[in-house]
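Working through the structure, step by step
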Amino acid sequence: MSKTESSTQGYEGGLSAGSADVAQFAPERRTIVKSIQHALHVNPALIPLFILSLSVAGFGIILGDRFFSPFSLTLILQQVAIVGVVAAAQTLVILTKGIDLSVGAIMVLSSVVMGQFTFRYGFPPELAILCGFAVGALCGLINGVLVAVVKLPPFIVTLGMWQIVLASNFLYSRNETIRSQDIQADAPLLQFFGQSLRFGGAVLTFGVIAMVILVAVLTYVLNNTAWGRHVYAVGDDADAAQLAGVRVKRTLISVYVLSGLICALAGWVLIGRIGSVSPTAGQFTNIESITAVVIGGISLFGGRGSILGALFGALIVGVFGLGLRLMGTDPQWTYLMIGVLIIAAVALDQWIRRVST
Amino acid sequence: MSEFILEAKGLVKRFGRVVALDSADFELKAGEILAVIGDNGAGKSTLIKSLSGAMIPDEGEVLLNGERVMFSSPMAARAAGIETVYQNLALSPALSIADNMFMGREIRKQGFMGRVFRTLDKKTMDKLARDKLSELGLMTIQNIRQPVETLSGGQRQGVAVARAAAFGSRVVILDEPTAALGVKESRKVLDLILGLRERGLPVVLISHNMPHVFEVADRIHIHRLGRRAALINPGDYSMSDAVAIMTGAMTAHAVAA
C-alpha cells in the first residue's frame, strides 16, 4: 500500500511542475473570432438576442412612439404567446435531433377537447381541461413510442400524426366552433389565459405570463437537472449517450410526451387568445414554431440551443411583423425577412459546428 | 477468492451462422495490464462486449472476483465496477467536459433544491472532474466547462479514460485507445494507462498497435477464430511471433502465466 502511495505522489509531483506553463498559453492563443465562437457555443441564444435588440431599436428609431410604446411592445408579446409556447415544445424535440410537425394539430385538438367536453358532455371545465392535457400527452406518447421504440424517423412519424390528429380534430368537432359568448357565460375558465394585467398602456395577458414562466422553468430544467443534460446528450449523439449510461428511449419518450403537454397548454392559451374554440384555428403554428426555433439558434441537427433562443426567435418574428405593418409595407416583406433570417441562422449554426479541433 | 479479478469461461456467441466466439476463455489478474490482440474478425470486440455488458453471450460464464455475474447492460457492468472506454469514446461533443464525465450519474444538490427541484450540484461535479483530470496529468485542459469538441483527439481520449478511471473501481477496458491518435498523443494515452496500473486498477487494452502492446502489457491475450489462441508474456516472444500466432502461421508452445 505504501508503495502505491509513494509512487502516486511521485506521479503527481511531476505533473504539478508541468501544468503551470501549459495553463498559460490558452488565453494568449485565443483570437477574437475564437472567443466569439466559444461564447456562441456556450450560449447560442446570444445571436437572436442581439438581432432582437437591434430590430427593436431599429423600428423604435424609424417609427418612434408608435412602435416604442408599452402598448405596441406588449402587443407583440400577446401575438407571439401561442407560437412562443409551441416553440418551447418544438425546441425540446429538436434538441433531441427530432422534429415535431404535429405540434399545431395537437394544440388544436387539445383545445377542441377542452371545449367540446365542457359543452357537449357537460363536464366541469376543470375536468375538461385536464382531459385536453391528457389528449396532448397521449399524442406525444404515440409520437415518442414510434420514434424511440419502433425507431421510425421523427419527421415521418410526426408528419403522419399531424394528418391523423388534424383529421380526428375535424371529425370529432364536426367542424363546429364554440362561440366566445357561450364560453364566457358557461365556462370562463377556458378563457383564463385571455385575462390580462394592465400597467398604463402595457397589457400583459395571462397567456404571455404563462409563456414567460414556461420558458423560465424549461430553461432551469434543461440546464440544471440530469434530465435536461440527457436531452442534450441524446440529441448530440444518441449512441454515445446510451453507452455513457443515459436511458435514451425513456428520455426520448418523455420529451415527446412533454411536448404534447405543452401543446395542450398552448391549446388552452389559444382559447384565451381567440375567445372561441375553433377546429380551424392555429393553422400555421407548426411552421411558425419551427421558424422561431431555427431563428432562435437551435440546431436542427440536435444537441444545441436553448429555450430562451426559441423565445427570442418568436419575438424577432413578432417584432418584424408588427414593425413592418406599422410602416405600412406589404406584409410579404415580413415573410421575405423571415426567410432571410432562417437561412442566415442555419448558416451560422453550421459555422458554430465547424469548431476548431 | 479467485486469482483472477475478471474471468470468462467457454464464451459462445453466434450471429446467425457466424460463430463470433467459439468457447473463448479470458483471464485478467489484479493489477495487470492485459492486452488483447487479434486479426479483424477474430472476435475481440465480441469478447470485450460480453465482458462489458454490451452484449450477452449465448453460452459460457463471466466471473468477477470469482463470483458468477450476468451483465444485462453496460450499466450493470458499470455498477459492478467495470468501466469501458469505447473506440468512439461515447462522449457528447457539444457538452462540456464535466457534463460528459458525469453523464448518466449526475450528482444532485443536497437538501431541498436537490430533492424537490432535482438541481444538479455543478460545483461539486466540476471540482471532481478537475481533480480527476489533474490526477491523471491532464491539466492541459484549462476549462472544465469547455465543450468536448474543442479538444484534440488525445484530450478527448484523456477525458474518456479519466471518466473510466474515476468510476471504475475494479476493471478498466480500453478499446483501441491509440488508433486515431498521433505519436505524441498516443504517448500521453500510454502514460495514462500505466498510471491506471500504478493506481492498482487492472486494465484490459485492445489494440492493433504491436509496439504499444509490447511496451505496456504485462501479458498478451491473442485471439484467433473466436477463441484464445495463446496467452503470452511479451518478454518471451517477439512482435513477429505474436503476429504469427495471431494469423495462425505459428502456434504458441508454452503458455506462460
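Residue positions are counted from 1 within each chain, in the order its sequence is given. Chains and ligands are labelled sequentially in the order written, the chains with letters from A and the ligands with numbers from 1. Where totals are concerned, whole chains, interfaces and linings use all residues; where local detail is concerned, this predicted model gives features only for residues with pLDDT of at least 70, and gives and counts side-chain atom pairs only at 80 or more. Side-chain descriptors were evaluated using all non-hydrogen atoms of the structure, hydrogens and water having been removed beforehand.

Per an unreviewed UniProt entry, chain A goes by the name Fructose transport system permease protein and belongs to Pelagibacterium luteolum.

On to the overall build of chain B, then. Secondary structure elements are defined from DSSP: runs of H or I of at least 4 residues count as helices, runs of E of at least 2 residues count as strands, and each element is numbered from the N terminus. Scanning chain B for helices and strands turns up 9 helices and 10 strands. On C-alpha atoms alone, chain B measures out to a radius of gyration of 19 Å, which is about the 18 Å that the 2.2 N^0.38 rule sets for 257 residues. Working rule for contacts: check all heavy atoms of both residues, and any pair within 4.5 Å makes them a contact. Considering only residue pairs separated by 6 or more positions, chain B has 65% of its internal contacts joining residues 24 or more positions apart. Using the Shrake-Rupley algorithm and a 1.4 Å probe, accessible areas are obtained, with residue cover drawn only from the displayed protein chains. Summed over its atoms, the accessible surface of chain B is roughly 10,600 Å², and 51% of this surface lies on carbon and sulfur atoms. We count Lys and Arg on the positive side and Asp and Glu on the negative side, and we leave His and both chain ends out. Each charge is placed at NZ for Lys, CZ for Arg, CG for Asp and CD for Glu. Taking the average place of the 32 positive charges on the side chains of chain B and the average place of its 28 negative ones, the gap between the two points comes to 7 Å. We compute the radius of gyration from the C-alpha atoms alone; for a globule the expected value is 2.2 Å times N to the 0.38, where N is the number of residues.

Residues are called lining when one of their atoms sits within 4 Å of a cavity or pocket point, these points coming from a 1 Å grid over the protein atoms alone, where a cavity is a set in which a 1.4 Å probe fits but cannot get out and a pocket is an open set with protein on both sides within 12 Å along at least five of seven lines. Grid points are joined across faces, edges and corners, and a volume is the space filled by probe spheres set on the points. For the structure on display, the rule yields 5 cavities of 30 Å³ or more. Roughly 80 Å³ of internal volume is contained in the largest cavity. Leu243 and Ala244 of chain A together with Arg78, Glu83, Thr84, Val85, Tyr86, Leu89, Ala90, Arg105, Ala160 and Arg163 of chain B are the residues that line the largest cavity. Taken together, the elements giving at least two residues each to the lining of the largest cavity come down to α11 (238-244) of chain A together with β6 (82-85) and α6 (153-167) of chain B. If you tally residues by element for the lining of the largest cavity, the top one is β6 of chain B, at 3 residues. Its residues placed into classes, the lining of the largest cavity shows 7 nonpolar, 1 polar and 4 charged. Any residue that is not Ala, Val, Leu, Ile, Met, Phe, Trp, Tyr, Cys, Pro, Asp, Glu, Lys or Arg is counted as polar, Gly included; the first ten are nonpolar and the last four charged.

With that settled, the discussion passes to the sheet that holds strand β7 (residues 171-175) of chain B. All names here are of chain B. When DSSP locates at least two bridges between a pair of strands, those strands are taken to pair. The strand order β6-β7-β8-β3-β9-β10 describes an open sheet built from 6 strands, whose pairing is mixed. Taken across any chain shown, the strands that pair with only one partner, and hence form the sheet edges, are β6 and β10 (227-232). Strand-to-strand twist in this sheet, taken as the mean axis angle between neighbours without regard to direction, amounts to 20 degrees. For strand β3 (residues 33-38) and strand β8 (residues 203-206), the ladder comprises 4 bridges, and the chain directions are parallel. Here an axis means a line fitted to C-alpha atoms, over the contact stretch when the element is a helix, while the angle between two N-to-C directions is reported on a 0 to 180 degree scale.

Residues and elements named next belong to chain B. Summarising the sheet, strand β1 (residues 4-15) and strand β2 (residues 18-29) pair through 8 bridges and their orientation is antiparallel. The partner of Phe15 across the bridge, within β2, is Val18. Between the antiparallel neighbours β1 and β2 lie 2 residues, among them Gly16 with a positive phi of about 65 degrees. Looking at chain direction, β1 and strand β4 (residues 59-64) are connected through 5 bridges and run antiparallel. Of the residues in β4, the one forming a bridge with Val12 is Glu59.

We now examine the layout of surface pockets. All names here are of chain A. Taken as a whole, the largest pocket holds about 830 Å³ of empty space. Every residue lining the largest pocket is counted, 29 residues in all, and those nearest its centre are Gln79, Val83, Glu288, Val317 and Tyr335. Elements that contribute at least two residues to the lining of the largest pocket include exactly α4 (70-95), α12 (248-274), α13 (285-295), α14 (307-326) and α15 (332-353). In terms of residue count, α14 provides more of the lining of the largest pocket than any other element does, 7 residues in total.

Next up on the list: the side chain of Thr46 of chain B. Residues and elements named next belong to chain B. Secondary-structure assignment places Thr46 in helix α1 (residues 44-52). On the basis of relative accessible area, Thr46 is assigned to the buried category, the value being 10%. The contacts of Thr46, once residues within four sequence positions are left out, are Lys13, Phe15, Ala20, Leu21 and Met55. The cut-offs for exposure are 20% and 50% of the maximum accessible area for each residue type, with area from a 1.4 Å probe on protein chains only; residues under the lower value are buried, those over the upper are exposed, and the others partly exposed.

In this section: helix α5 (residues 122-135) of chain B. Residues and elements named next belong to chain B. Expected helix span is computed as 1.5 Å times (number of residues minus one). The end-to-end C-alpha distance of α5, which contains 14 residues, comes to 20 Å, matching closely the 20 Å that a straight helix rising 1.5 Å per residue would cover. Every buried residue of α5 is listed here: Met125, Asp126, Ala129, Lys132 and Leu133. Viewed end-on, α5 has its buried residues packed into an arc of 135 degrees, placing them on one side of the element. On its buried side, α5 packs onto α3 (97-101) and α6. Among the residues trailing α5, Gly137 stands out with phi positive, at a value near 75 degrees. By arc we mean the arc of the directions from the helix axis to the C-beta atoms, nothing more.

A few words now on the nonpolar core. Residue and element names in this part refer to chain A. Counting residues in hydrophobic clusters, the biggest one holds 99 residues, and the most contacted among them are Met107 and Leu265. If one sorts the elements of this core by residue count, α12 sits on top with 15 residues. Not counting residues up to four positions away in its chain, the partners in contact with Met107 are Ile82, Val86, Cys263, Ala266, Gly267, Leu270, Gly282 and Thr285. Throughout, nonpolar core names a set of buried Ala, Val, Leu, Ile, Met, Phe, Trp, Tyr and Cys residues whose side chains join them through atoms within 4.5 Å.

Glancing now at the packing of helix α5 (residues 103-119) of chain A against helix α6 (residues 125-148) of chain A. Residues and elements named next belong to chain A. Contact geometry for α5 and α6: axes closest at 8 Å, N-to-C directions at 150 degrees. Here α5 lies roughly antiparallel to α6, going by the angle between them. Judged by the twist between their axes, the crossing of α5 over α6 is right-handed. In contact with Ile106, Leu109, Ser110, Val113, Met114, Phe117 and Thr118 of α5, α6 contributes Pro125, Ala128, Ile129, Cys131, Gly132, Phe133, Val135, Gly136, Cys139, Gly140 and Asn143. For classification, angles of less than 35 degrees are called roughly parallel, those exceeding 145 degrees roughly antiparallel, those between 65 and 115 degrees roughly perpendicular, and all remaining angles oblique. Crossing handedness follows the turn of the near helix against the far one: under a right angle anticlockwise gives a left-handed crossing, and clockwise gives a right-handed one.

This paragraph deals with a nonpolar patch on the surface. All names here are of chain A. On the surface, Leu138, Leu141, Ile142, Val145, Val149, Val150 and Leu152 cluster together into a nonpolar patch covering about 530 Å² of accessible area. Residue position: Ile142 is located in helix α6. Take Ile142: its relative accessible area is 36%, and that puts it in the partly exposed class. To count toward a patch, a residue needs a relative accessible area over 30% and no salt bridge; like charges are then connected within 9 Å, while nonpolar side chains (Val, Leu, Ile, Met, Phe, Trp, Tyr) are connected within 5 Å. Here a salt bridge means any side-chain nitrogen of Lys or Arg lying within 4 Å of a carboxyl oxygen belonging to Asp or Glu.

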